[in-house]
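# Structural characterization, general
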Amino acid sequence: MAHCSECEAEITVQGLMIGEIIYCPDCNAELEVLGLEPPTVALAPQLEEDWGE
Amino acid sequence: MRLAMITSRIRVEEKLLIDALRRRAIAFDIIDDEELLLDLSRPDERWCKYDAVLCRSLSQSRGLAALRVLEHWGIRVYNSAAVATTCNDKLLTTLSLVRSGIPTPRTLVAFDPQVTIRGIEMLGYPVILKPITGSWGRLLARINDHDAAEAVLEHKETLGSYQHHIHYVQEHIAKPQRDIRAFVVGERTICAIYRTSAHWVTNTARGAVASNCPVTPELDSLCVRAAQAVGGGILAIDILEDPERGLLVNEINATMEFRNSIAPTGVDIPNAMLDYVLSSIQEAVVW
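Residues numbered from 1 in each chain as written. Chains lettered and ligands numbered in written order. Predicted model: local features only at pLDDT ≥ 70, side-chain atom pairs only at ≥ 80, totals over all residues.

## Focus on the interface of chain B and chain A
Contacts between the two partners involve 18 residues from chain B and, on the opposite side, 13 residues from chain A. Of all elements in the fold, only helix H1 (12–23) and helix H2 (60–72) of chain B reach the threshold of two or more residues within the side of chain B that touches chain A. Taken together, the residues of the side of chain B that touches chain A break down into 6 nonpolar, 8 polar and 4 charged. (Contact = placed C-beta atoms within 7 Å. Helix = DSSP H or I, 4+ residues; strand = E, 2+ residues; numbered from the N terminus. Nonpolar A, V, L, I, M, F, W, Y, C, P; charged D, E, K, R; others polar.)

## Examining the sheet that holds strand E9 (residues 178–185) of chain B
Residues and elements named next belong to chain B. Read across the open sheet, the 5 strands follow the order E11-E10-E9-E12-E13; overall the sheet is antiparallel. Edge positions in the sheet fall to strand E11 (209–212) and strand E13 (246–253), since each has one partner strand and no second. Put simply, the sheet's adjacent strands are angled 30° from each other on average, direction ignored. In the sheet, strand E12 (residues 234–242) pairs with E13 via 7 bridges, with the strands oriented antiparallel. The partner of Asp 242 across the bridge, within E13, is Gly 246. (Pairing = 2+ DSSP bridges. Axes fitted to C-alpha atoms, helices over the stretch in contact; angles between N-to-C directions.)

## Considering the sheet that holds strand E3 (residues 21–23) of chain A
Residue and element names in this part refer to chain A. On the basis of which strands lie adjacent, the open sheet formed by 3 strands has the order E3-E4-E5 and antiparallel pairing. Strand pairing shows two members of the sheet lacking a second neighbour, E3 and strand E5 (39–43), which therefore form its edges. Averaged over all adjacent pairs, the angle separating strand axes in this sheet is 45°, with direction ignored. As defined by bridge partners, E3 adjoins strand E4 (residues 30–36) across 3 bridges and the pair is classed as antiparallel. Bridging from a neighbouring strand, Ile 21 pairs with Glu 32 of E4.

## Side note on the environment of Glu 10 of chain A
Summarising the element assignment, Glu 10 of chain A is placed in strand E2 (residues 10–11). Contacts of Glu 10 of chain A, omitting those with residues within four sequence positions, involve Met 1 and His 3 of chain A.

## Considerations on the nonpolar core
Of all hydrophobic cores here, the largest spans 59 residues; its most connected members are Val 53, Phe 183, Ala 226, Leu 235 and Ile 237 of chain B. A total of 6 residues in this core trace back to one element, the largest contributor, which is E12 of chain B. Of the domains in this structure, domain 1 (2–86) and domain 3 (174–275) of chain B are the two that each give at least three residues to this core. Excluding residues within four positions of it along the chain, Ala 226 of chain B makes contact with Leu 97, Ile 102, Ile 237, Val 249 and Ile 252 of chain B. Residues Cys 24, Leu 31 and Val 33 of chain A together with Ile 10 of chain B belong to the second largest nonpolar core, which totals 12 residues. (Core = buried A, V, L, I, M, F, W, Y, C linked by C-beta atoms within 7 Å. Buried ≥ 20, exposed ≤ 12 C-beta atoms within 10 Å, placed from the backbone. Domains from an automatic or database assignment.)

## Describing the confidence of the model for chain A
When pLDDT is averaged along chain A, the result is 87; 94% of the residues meet or exceed 70. Model confidence for chain A, summarised as mean pLDDT per element, is weakest for E3 of chain A at 86 and strongest for E2 of chain A at 95. (pLDDT = per-residue confidence, 0-100.)

## Brief notes about the environment of Val 230 of chain B
All names here are of chain B. Looking at the element boundaries, Val 230 is found in the loop between helix H7 (217–229) and E12. Along the primary structure Val 230 and Glu 34 are separated by 196 residues, whereas in three dimensions their C-alpha atoms are 28 Å apart. Ignoring anything within four residues of it in the chain, the contact list for Val 230 reads Val 83, Thr 86, Cys 87, Thr 93, Ser 96 and Ile 252.

## Considering unusual backbone geometry
Cis geometry marks the peptide bond from Glu 37 of chain A to Pro 38 of chain A; its omega dihedral reads 0°. Cis geometry marks the peptide bond from Tyr 78 of chain B to Asn 79 of chain B; its omega dihedral reads -10°. Structurally, Asn 79 of chain B can be placed in the loop between strand E4 (77–78) and helix H3 (81–87). In this structure, Leu 139 of chain B is a non-glycine residue whose phi angle is positive, near 65°. Relative to the assigned elements, Leu 139 of chain B resides in the loop between strand E6 (127–130) and strand E7 (141–143). By C-beta crowding, Leu 139 of chain B is classed as partly exposed, having 16 other C-beta atoms within 10 Å.

## Topic: the packing of helix H5 (residues 113–123) of chain B against helix H6 (residues 146–159) of chain B
Residue and element names in this part refer to chain B. Where H5 meets H6, the closest approach of the two axes is 10 Å, and the angle between their N-to-C directions is 145°. Considering the relative orientation of H5 and H6, their crossing is right-handed. Along its contact with H5, which presents Pro 113, Thr 116, Ile 117 and Ile 120, the element H6 presents Ala 149, Glu 150, Leu 153, Glu 154 and Glu 157. Across the contact of H5 with H6, the residue classes tally to 5 nonpolar, 1 polar and 3 charged. (Left-handed = near helix turned anticlockwise from the far one by under 90°.)

## Notes on the domain arrangement of chain B
Residues and elements named next belong to chain B. Taken domain by domain, chain B comprises domain 1 (2–86), domain 2 (107–171) and domain 3 (174–275). The gap between the C-alpha centroids of domain 2 and domain 3 is 25 Å. Looking at the side of domain 2 that touches domain 3, its residues break down into 2 nonpolar, 1 polar and 1 charged.

## With respect to H2 of chain B
Residues and elements named next belong to chain B. Helix length check: H2, at 13 residues, gives a terminal C-alpha distance of 18 Å against a target of 18 Å (1.5 Å per residue), a fit within 8%. Every buried residue belonging to H2 is among Gln 60, Gly 63, Leu 64, Ala 66, Leu 67 and Leu 70, and all of these are buried. Here the buried residues of H2 occupy an arc of 165° about the axis, which is enough to place them on one side. In the core, the buried residues of H2 are packed alongside strand E1 (2–7), strand E3 (52–56), E4 and H3. Phi turns positive, to about 85°, at Gly 74, one or two residues after H2. (Expected span 1.5 Å × (residues − 1). Arc of directions from axis to C-beta.)

## What about the environment of Val 209 of chain B?
All names here are of chain B. Residue placement: Val 209 occurs in strand E11. On the basis of neighbour count, Val 209 is assigned to the partly exposed category, with 15 C-beta atoms found within 10 Å. C-alpha separation for the pair Val 209 and Arg 178, spaced 31 residues apart in sequence, amounts to 9.0 Å. Ignoring anything within four residues of it in the chain, the contact list for Val 209 reads Thr 196 and Ser 197.

Put into structure tokens, the structure is as follows:
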């Protein structure tokens, strides 16, 4: 089980391929599957310039 | 009592705020900024049911636009549009700090690349070039020599949008391998962390490690004054430790992230934020 880097929700990558974009079921963040063994996801690289604090 | 929270995504911070609201049994709605459709001359009745709206948009421009409209409609918002306007803009933040006599790194603004280089060499290398807007330590450049200054300025002029043609140049502060992030809620600095990194950019978004920073009377006083300089509210103050001049206020954040700061400080930041919002609402009712 991987964890969303935004909200720490559990993410399953079963049946997916490395490089696929998925949506976190809790926070809807766009995630890129980076690995299957172990399951690894990271935020998809789509940062907007005005994002931040 | 009913609150609304405008969000782009439900990050750890938003989850913690939601948990805090639920524990207090406060009614609330989560409103995704993507869904907003604001008819400026016809305030949507649904907003009137909220005693306050907390803006947690990931997008500074969306958040600010929403704050401006809601405030115009007379809705109580956190932080205010004026505060967000100032904090989202490093030039306005610096001007506010200077106006209030808050110690801050010396900063120049120029528009022409050659004039900017003249300013940089007046300050002396290295200097820090920053975009006026932006966050998480993105697009910061430490300029160590003339060649780097020419190259970065040419890139900004050629590749950047018009905002990147306003050159904001800050003197380099020989800080230890850390800076301070202090959290001000209302008139109190509730906690602070050191952000330590081997890299000169010490944002936790860039991998800096958080540890507790004691809130001394000096730090508290400086942070509260800095918060008041930009209008006050719920703010995260970034501070540099200058070996000679002491504490210098660098930047102020109006939509603060705090996920890495609760464990090292032991302070329940989301509950402190809610305490402030609720007490402000109650004060307004009494008046």
